[in-house]
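Structural description and commentary
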Amino acid sequence: MPAFNSAGDPRTEMEQTWTGYVRRIAATDQAALGALYDATNHLIYGMALRILGNPSDAEEVTLDIYTQVWRSASTFDERRGSAAAWLMTMARSRAIDRLRSSGKRIERERPLEDLDAPVSAPAAAQLGIRREVQAAMQALAPEQREAIELAYWYGYSHSELAARLGQPLGTVKTRIRMGMMKLRTQLGTSA
Amino acid sequence: MTEHHKFNNEIRERASLFVAGALPPDEQAKFSQHTKSCGVCAEEARAFEEGASWMPLASHGVAAPPHLRDKLLARIQEPDPPPGIQVIARGRGRLPETLDFNRDQTVCLLYVPTTARRGDHRLIIPFIFADPALSPCLCGGRGPGRAGMHAA
């Protein structure tokens, strides 16, 4: 049971809405796919753009992700995880696969605001969620946040991180494990 | 990797690295496969995913270009590929310079040239055939690691 599963929590409400869309998509409801797309495309496209750094690649990956959602919605099992986790994990994985297969390591580890892309204004509910998630990220030790962000957004493996950060492999693994534990406690299921 | 019956700290570390995307690609794929048969690791990975999956919401989003929605709704009208066939790319425009596929697989690119512009092709369906026997065309793309072009 997600730790945030309490009435009135904007993440709970958003999760319920998205889960509803995915259920309807599983029943081949195209309007539901459109609704999920409308609610999430800024996150998915933004993620793809941040990882790939190229609008054309980001568009293709975004299309692939929602096509995969359409084709695999029936495999989503809400007892095994949230719709947000299902969608975001799928999206990140697709974008990182594309990045790795292109052989182009991003040299542009920079925020979306620097990618010359119009930043979308989030809906009020998502603004609250963003603040909550930002607070959880800020609660990480800076070295934990750095290691997690480089791995999550730019596909660095632990050994690449160790080389890049000039730290022993064991230190890098510990930073990631401890940071991920904190995120899990604050944003997800309890440890 | 054998199925685990009991939780331990190594599982926790591996699952956290997996969800952060910090395992090397081959280990990432192995662990992903492992979670399909190991409930202990799957549950640990799921718990980390529930936290990490919110990370994208900490950043500013970027709205996708308006035409993408129509493109998506058109794409889902297309029939699913036959079983055993994986569509690795499709679209309109020039053929991609490179396509990522496994050396053990057979690739077939099916495209239709247009007269709109020289060198501009409508790429219909590039197929990867996990099983060459499933190939519905006779483009010469049969055999592991071989690519074939089918111009219609």
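All of the points below concern the structure found in this document. (Residues numbered from 1 in each chain as written. Chains lettered and ligands numbered in written order. Predicted model: local features only at pLDDT ≥ 70, side-chain atom pairs only at ≥ 80, totals over all residues. Heavy atoms only, no water.)

Notes on helix α3 (residues 55-72) of chain A
Residues and elements named next belong to chain A. Between its first and last C-alpha atoms α3 spans 25 Å; for 18 residues at 1.5 Å apiece the expected length is 26 Å, and the two agree. With respect to burial, α3 is a largely interior element, 13 of its 18 residues being buried. Sitting at the head of α3, N54 places a side-chain oxygen 2.8 Å from the backbone nitrogen of S56. (Helix = DSSP H or I, 4+ residues; strand = E, 2+ residues; numbered from the N terminus. Expected span 1.5 Å × (residues − 1). Buried < 20%, exposed > 50% of the residue type's maximum accessible area, 1.4 Å probe, protein only. Polar contact = N/O pair within 3.5 Å; in protein donor to acceptor, adjacent residues only side chain to side chain.)

Details of the nonpolar core
Counting 81 residues, the largest nonpolar core has A:W18, A:I176 and A:M180 as the members making the most contacts within it. Per-element tally for this core: the top contributor is helix α2 (residues 30-52) of chain A, with 12 residues. Once residues lying within four places of it in the same chain are set aside, the contact partners of A:M180 are A:I148, B:S16, B:V19, B:A20, B:F48 and B:A52. (Core = buried A, V, L, I, M, F, W, Y, C linked by side-chain atoms within 4.5 Å. Contact = heavy atoms within 4.5 Å.)

So, the packing of helix α1 (residues 9-20) of chain B against helix α3 (residues 39-52) of chain B
All names here are of chain B. Look at α1 against α3: their axes get within 9 Å of each other, and the N-to-C directions meet at 45°. The angle between α1 and α3 places the two elements in the oblique class. Of the two elements, α1 crosses α3, and the hand of that crossing is right-handed. Touching I11, R12, A15, S16, F18 and V19 of α1 are V40, C41, E44, A45, F48, E49 and A52, all from α3. Looking at the contact of α1 with α3, its residues break down into 9 nonpolar, 1 polar and 3 charged. (Axes fitted to C-alpha atoms, helices over the stretch in contact; angles between N-to-C directions. Parallel < 35°, antiparallel > 145°, perpendicular 65-115°, else oblique. Left-handed = near helix turned anticlockwise from the far one by under 90°. Nonpolar A, V, L, I, M, F, W, Y, C, P; charged D, E, K, R; others polar.)

Let's talk about the environment of A:Q144
Residues and elements named next belong to chain A. Here Q144 shows up in helix α6 (residues 142-154). Between the C-alpha atoms of Q144 and I44, which are 100 residues apart in sequence, the distance is 24 Å. Leave out the neighbours within four places in its chain, and Q144 touches R175, M178, G179 and K182.

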